[in-house]
Amino acid sequence: MQIDILPRWLRRTMALGVLTVAVSGCSGADGAAEPAADAAPVDITGAGATFPYPLYSRWFEEYNRRHPDVRINYQAIGSGGGIRQVQNGTVFFGATDGPMTDEQLAASPEPLLHLPTVIGSVVPAYNLPEVTERLNFTGPLLADIFLGRVTRWNDRAIAAVNPGVALPDRDITVVHRSDGSGTTFVWVDYLSKVSPAWKEQVGVGTSVKWPVGIGGKGNDGVAGLVKQTAGAIGYMEPAYARQNGIPFGAVQNAAGRFVASSIESVTAAADGAAATIPDDFRVSITNPPGDAAYPIASFTWLLIRERPDDVRQSAALVEFVRWALTEGQRFAPELGYSPLPASVVERELAALERVRVR
Amino acid sequence: MPRDLRRRLVSTVMTSLSALSVLVALVPLGLLLFFVAVQGAAAISLDFFTQTPRPVGEPGGGMGNAIVGTLILCGTAALIAVPIGVLSGMFVVEFPQSPLAPAVRFAADTLNGVPSIVVGIFVYAIAVEPTGGFSAMAGGIALGVMMIPLITRTTEELLRLVPASLREGALALGATRGRAVLTVVLPAALPGIVTGVMLALARVAGETAPLLFTAFGNRFWSTDLTEPIGALTLQVYAYAISPYDDWHRQAWAGALVLLALVLGCSLAARAATRRLERMHR
Amino acid sequence: MRRSRPGRTDGVFRLLTTVPALLVVGLVAAIGVVLCLDARLSIAAFGAGFWTRTDWDPIAGQFGAFPFIWGTLYSSGLALLIAAPVSIGIAVFLTDVCPHRLRAPLVFLTELLAAIPSIVYGLWGIFVLVPAVRLLQEALPPRIRALPLFEGPTVGVSLLAAALVLSVMVIPYISSVTREVLRAVPRHQWEGAYALGATRWEATRVALRYARVGIVGAVMLGFGRAVGETMAVTMVIGNSPQASWSVFAPQYTMAAVIANEFAEAVEDLHLHALVEIGLVLFTTTLMVNVASRALIWQMSRDRRRRLAQCPVAAETP
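So, how was this worked out
Residues numbered from 1 in each chain as written. Chains lettered and ligands numbered in written order. Predicted model: local features only at pLDDT ≥ 70, side-chain atom pairs only at ≥ 80, totals over all residues. Heavy atoms only, no water. Pairing = 2+ DSSP bridges. Helix = DSSP H or I, 4+ residues; strand = E, 2+ residues; numbered from the N terminus. Axes fitted to C-alpha atoms, helices over the stretch in contact; angles between N-to-C directions. Contact = heavy atoms within 4.5 Å. 1 Å grid on protein atoms, 1.4 Å probe; cavity = no way out; pocket = protein on both sides within 12 Å on 5 of 7 lines; lining within 4 Å. Points joined across faces, edges and corners; volume = space filled by probe spheres on them. Nonpolar A, V, L, I, M, F, W, Y, C, P; charged D, E, K, R; others polar. Buried area = accessible area lost by both parts, 1.4 Å probe. Salt bridge = Lys/Arg side-chain N within 4 Å of Asp/Glu carboxyl O. Polar contact = N/O pair within 3.5 Å; in protein donor to acceptor, adjacent residues only side chain to side chain. Domains from an automatic or database assignment. Parallel < 35°, antiparallel > 145°, perpendicular 65-115°, else oblique. Phe/Tyr/Trp six-rings, centres within 6.5 Å; stacked < 30°, edge-to-face > 60°. Buried < 20%, exposed > 50% of the residue type's maximum accessible area, 1.4 Å probe, protein only. Left-handed = near helix turned anticlockwise from the far one by under 90°. pLDDT = per-residue confidence, 0-100.

### Observations concerning the sheet that holds strand β7 (residues 173-177) of chain A
Note on sheets: strands pair through backbone hydrogen bonds, and any given pair is parallel or antiparallel.
All names here are of chain A.
Here's step 1: Spatially, β5-β9-β7-β8 is the arrangement adopted by the four strands of the open sheet, whose pairing is mixed. Because the sheet does not close on itself, it has two edges, and the strands there are β5 (123-126) and β8 (214-216). Across this sheet, the average inter-strand angle for adjacent strands is 30°, counted without regard to direction.
Here's step 2: Bridge count between β7 and strand β9 (residues 232-236): three bridges; the pairing is parallel. Across the sheet, Val174 pairs through a bridge with Ile233, a residue of β9.
Here's step 3: In the packing of helix α5 (residues 139-147) onto the sheet, the strands contacted are β5, β7 and β9, and the crossing angle to β9 comes to about 115°.
Here's step 4: Along the sheet, helix α7 (residues 182-194) makes contact with β5, β7 and β9, crossing β9 at roughly 105°.

Okay, here's the thing in structure tokens:
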């Protein structure tokens, strides 16, 4: 969209801006402790998914310690925002938990590469002060709760899969994301696969029309609301639940077992999918086969422009991604993410060659 | 007389109610200042001013970059808004017969009431999308747009306060209108205008909504106007809605610093106003 | 005699001030035009139905703004219901009742409420007010909690929390304008009442009656503020696009939905729908401005007329 209003004013302020930049550049008024490097620092801005944010913020910090001249500023605005802003070119790279649709890719002004960085899961986290055991859920039960059909914690449907647990007589407060989000995508993608009612009434997307519940902004916001509200249930990435001491339930997988999210159970989910991953890496791995698989698992992707104008930024970003896919993977488990299978990493490194760096 | 008694009783009750309403307003003020002071003071340290934010799960870190960011954003906003605001205020006073004068006054009042989030959308459309990125410059423009009406109206009011004799004296000595205003009237009003600018800065320094899609936030030190930049308000927002106790503490500390900055600025302006008033008397 | 020779420097001065003046006017126009342009898809797709439709469904590409309008009007209305009487009380106290020594510090303290940034109100709202609202809701007897006005689960983040924060935030605006309006009431109005043996309240009532138009204007100004308030409301209202009568239900406002979704909307239509909401906020402020100006104008006209009838009364500051 091009708008040419107030050209004189705009031009003047822009000129002013350029002038100020020039002045501040000359005076070298940079507060950071830069080593006297031969190259000027590279600043890269990215935005998108909140799902991998704990890991990404760790990665960017660690990478900056190793390469003080590369500073990657990542803002967790949500996957929808990641897609939109990278398409607009307002950020250099995006990040999303739900792959872009074919139409979105077609509408993109330049080719975008989807690169899985890590495997994550989404867990049903709840706040029930009375219950100390880990609760069990089935897919259809979670769908019914989020459809507003099951409204109290001592509902028979919940009791049926949690024998021996004294369920309190409390209202269920559903907490969901208020913003567009890949975490939402993974969650509703799973619910749609296991519940025809969900698929018909709500559907799949990065933000959906929630039948019930209250909205929190970001994984952060949802975790905050669940933590503050007795009787709440929300979906989030397990790192957010663990770091806040919010318990989360086990979910019945396609093989009929109740499995809780763990590094191993999520890797088990990805194992089955590894063979069926397409060349563009856009694939859903929710509700996979396998006894040990946790059913609500997903890749999370970086969206990288294949033909960017600024090759310095591009080269620095590609170097970072290479590091993240190899050495960086070891930071994943401690933050609750499962590392990528080696075969996937290999294919990604090959795909990375497509990005213009000079 | 019972009727008289009733009237007096009603009067006493209503008078007490009016006193009570002052209390009703002061209780939340007291609670708010109390919580910010206590929680903020407990969390603040030297690191808070010198460090950048740490990744999730690593304790410590600070908002040094965001404090600098807020100052840069305010400075940019002032560079844009002060010339436009002062000159347009001058126009309203000097050319009252022009049909543009009431239009400027109306526009300034309207602009003053435009919700800050709407200013954010507007600046996103004119300064983020066309230039291809979020930037400190865009954030400064957004805050500048919010400052302009405040400065226009302050300038107008203060120029009117300058005694007509000053201007007429200058004109009688053969000065042109422009010369008279710029060399005699404006300097007389200048201290007041500076005060007004400080009050306007205090107001925009506390703004969050117009920065969400313009300045965007940055976890690193940055002084580059073409790059996204951190701001105290953005950082407090991000930390406040997070679920980490450590980040909540940082948010309170950030709120304390922000409040000190904003209140300090407006208190200084207020003190200056009082001195000016005394001088004029 | 003001008109000295229109020399060259005067031309320069005129130009120097005219350009920024045009810019200020142009800025308001530009905001309107940009909002209209960026909302055109949504305006074309939904027309007037946008305001009455209740579904906000980014997947299906259906956008109706009713829940946000409802939440905005409800929270602002409730806030004014609390803030207006309190503000008028404050204004009366500070103008008429308050001991002289206390006046300046109290004026300062009430105006301090306006200097506190929205984000600080929001932070305080999340950690102090929201838990308090939850406690209040839990303390209500079940019979009251069954009423539609108070029903729903105890969440804390709610319309009531937003209205309470808003009311505190608009009090300084309404009370300071009301104070000015009351100060503008000619002294003879009060003195006349006292002379007739009126009690303090009766004299105040005379003054309030006299100033009522201006007070309505002050309240309207507060309404404009409340409608556009973003951060503090976003943080405590719960962000749930379901219109409800219950004050304990989480709801949503127009400003909050823009703050939450604007940077994240993927589809153009979604973005344009958000901008259209912004356009309404903009139009609202425009109308509030026009209306409050009309009221002030009417009041000054009334005053002129009354002064004409009563020429003895000199304006005393």
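### Let's talk about empty space enclosed by the protein
Here's step 1: A complete count under the given rule lists five cavities of 30 Å³ or more for this structure.
Here's step 2: Here the largest cavity is characterised by a volume of approximately 550 Å³.
Here's step 3: Along the walls of the largest cavity sit 30 residues, with A:Gln75, A:Ala76, A:Ile77, B:Tyr237 and B:Ala238 positioned nearest its centre.
Here's step 4: Those elements that place two or more of their residues in the lining of the largest cavity are β2 (70-75) and α9 (218-228) of chain A, α9 (232-240) of chain B together with α12 (254-261) of chain C.
Here's step 5: No other element matches α9(B), which puts five residues into the lining of the largest cavity.
Here's step 6: In terms of residue class, the lining of the largest cavity is made up of 16 nonpolar, nine polar and five charged.

### Some thoughts on the interface of chain B and chain A
Here's step 1: Each partner contributes to the interface: chain B provides 41 residues, whereas chain A provides 48 residues.
Here's step 2: For the pairing of chain B and chain A, the buried interface totals around 3,600 Å² over both sides, and the portion due to carbon and sulfur atoms is 62%.
Here's step 3: If you look at where chain B meets chain A, you find zero salt bridges.
Here's step 4: The interface formed by chain B and chain A contains eight residue pairs in polar contact (both at pLDDT 80 or more).
Here's step 5: Looking at the side of chain B that touches chain A, the elements with two or more residues in it are α3 (64-94), α5 (116-128), α6 (136-161) and α10 (245-280) of chain B.
Here's step 6: Split by residue class, the side of chain B that touches chain A holds 25 nonpolar, 10 polar and six charged.

### Examining the domain arrangement of chain A
Residues and elements named next belong to chain A.
Here's step 1: In terms of domain boundaries, chain A breaks down into domain 1 (8-120 + 298-352) and domain 2 (123-271).
Here's step 2: Here domain 1 packs against domain 2, burying approximately 1,500 Å² in sum over the two surfaces, 63% of which is carbon and sulfur.
Here's step 3: Of all residues in domain 1, Thr50, Phe51 and Ser338 bury the most surface against domain 2, accounting for 26% of the area lost on that side.
Here's step 4: At the boundary of domain 1 and domain 2, one finds zero salt bridges.
Here's step 5: Our count for the contact surface shared by domain 1 and domain 2 stands at three residue pairs in polar contact (both at pLDDT 80 or more).
Here's step 6: At the level of elements, α2 (53-66), α3 (79-88) and β4 (112-121) are the ones that each hand at least two residues to the side of domain 1 that touches domain 2.
Here's step 7: Its residues assigned to classes, the side of domain 1 that touches domain 2 comprises 10 nonpolar, nine polar and one charged.

### Notes on the interface of chain B and chain C
Here's step 1: Contacts between the two partners involve 87 residues from chain B and, on the opposite side, 79 residues from chain C.
Here's step 2: Taken together, both faces of the contact between chain B and chain C bury some 7,100 Å²; the carbon and sulfur share is 79%.
Here's step 3: For the pair chain B and chain C, the number of links is two salt bridges.
Here's step 4: Among the ionic pairs, C:Glu111 bridges to B:Arg270, the shortest N-O distance being 3.8 Å.

### A short note on the packing of helix α1 (residues 2-43) of chain B against helix α5 (residues 118-139) of chain C
Here's step 1: At a closest axis distance of 10 Å, the pairing of α1(B) and α5(C) adopts a crossing angle of 90°. Between α1(B) and α5(C), the angle falls in the class roughly perpendicular. When α1(B) is examined against α5(C), the residues B:Pro28, B:Leu31, B:Leu32, B:Phe35 and B:Val36 are found in contact with a partner set consisting of C:Val120, C:Tyr121, C:Trp124 and C:Val128.
Here's step 2: Grouping the constituent residues of the contact of α1(B) with α5(C) by class yields nine nonpolar, no polar and no charged.

### A closer look at the packing of aromatic side chains
Here's step 1: Across all of its chains, the model carries 43 aromatic pairs over all chains by this definition.
Here's step 2: Ring plane angle 40° and centroid distance 5.0 Å describe the contact between A:Phe60 and A:Phe320, whose orientation is recorded as tilted. Here A:Phe320 lies in helix α12 (residues 311-325) and A:Phe60 lies in helix α2, a separation of 260 residues in the sequence. The same class applies to A:Phe60 as to A:Phe320, namely buried.
Here's step 3: Plain terms: the ring middles of C:Trp56 and C:Phe68 are 4.9 Å apart, the flat faces sit at 85° to each other, and that makes the pair edge-to-face. Within this pair, whereas C:Trp56 is found in strand β1 (residues 56-57), its partner C:Phe68 is found in helix α3 (residues 66-97), the two being separated by 12 residues in sequence. Just as C:Trp56 is buried, C:Phe68 falls in that class too.

### Observations concerning the side chain of A:Glu306
Here's step 1: Within the element layout of this structure, A:Glu306 appears in the loop between β12 (297-305) and α12.
Here's step 2: The contact partners of A:Glu306, leaving out residues within four places of it in the chain, are A:Pro111, A:Leu112, A:Leu113, A:Arg354, A:Val355 and A:Arg356.

### Some details on unusual backbone geometry
Here's step 1: Positive phi outside glycine occurs at A:Phe281, with the angle close to 65°.
Here's step 2: You can call A:Phe281 buried: its relative accessible area is 3%.

### A look at the environment of A:Gly81
Here's step 1: As for its placement among the helices and strands, A:Gly81 is situated in helix α3.
Here's step 2: Excluding its chain neighbours within four sequence positions, the residues that come into contact with A:Gly81 are C:Ala263 and C:Glu264.

### Here's the deal with the pattern of salt bridges
Here's step 1: For the structure on display, the rule yields 35 salt bridges over all chains.
Here's step 2: Residues A:Asp291 and A:Arg257 are paired through a salt bridge, measuring 3.5 Å at the closest nitrogen-oxygen approach. Separated by 34 residues along the polypeptide, A:Asp291 in the loop between α11 (263-273) and β12 and A:Arg257 in the loop between β10 (250-252) and β11 (258-259) bring together distant segments of the chain.
Here's step 3: We classify A:Asp291 as partly exposed; its relative accessible area is 44%.
Here's step 4: Between B:Asp4 and B:Arg7 there is a salt bridge, and its shortest N-O distance comes to 3.2 Å. Within this pair, B:Asp4 and its partner B:Arg7 are both found in helix α1, separated by three residues, close to a single helical turn.
Here's step 5: Residues joined by salt bridges that share partners form a network here, namely A:Arg58, A:Glu61, A:Glu62, A:Arg65, A:Arg66, A:Glu327 and A:Glu334.

### Examining the packing of α5(C) against helix α7 (residues 159-183) of chain C
All names here are of chain C.
Here's step 1: In the contact formed by α5 and α7, the axes pass within 9 Å of each other and the chain directions differ by 135°. Here α7 runs oblique to α5, going by the angle between their axes. As α5 packs across α7, the resulting crossing turns out to be right-handed. Contacts between α5 and α7 involve Ser118, Tyr121, Leu129, Val130, Val133 and Leu136 from the first element and Leu160, Ala161, Leu164, Val165, Val168 and Met169 from the second.
Here's step 2: Its residues placed into classes, the contact of α5 with α7 shows 11 nonpolar, one polar and no charged.

### Quick notes on the layout of surface pockets
Here's step 1: In this structure, the second largest pocket encloses a volume near 800 Å³.
Here's step 2: A:Arg84, A:Gln104, C:Val266, C:Glu267 and C:Asp268 are the residues nearest the centre of the second largest pocket, which is lined by 44 residues in total.
Here's step 3: Counting residues per element, the ones that place at least two in the lining of the second largest pocket are α3 and α4 (102-107) of chain A together with α2 (40-46) and α13 (268-309) of chain C.
Here's step 4: Per-element accounting of the lining of the second largest pocket gives the leading share, six residues, to α13(C).
Here's step 5: Partitioning the lining of the second largest pocket into residue classes produces 20 nonpolar, 14 polar and 10 charged.
Here's step 6: Inspection of the lining of the second largest pocket shows a minimum of three residues originating in each of domain 1 (8-120 + 298-352) and domain 2 (123-271) of chain A.

### Focus: the confidence of the model for chain A
Here's step 1: Mean pLDDT over chain A stands at 84; residues scoring 70 or higher make up 89%.
Here's step 2: Segment residues 1-38 of chain A: pLDDT under 50, and 47 contacts once partners within four positions in sequence are set aside and those in other chains are kept.

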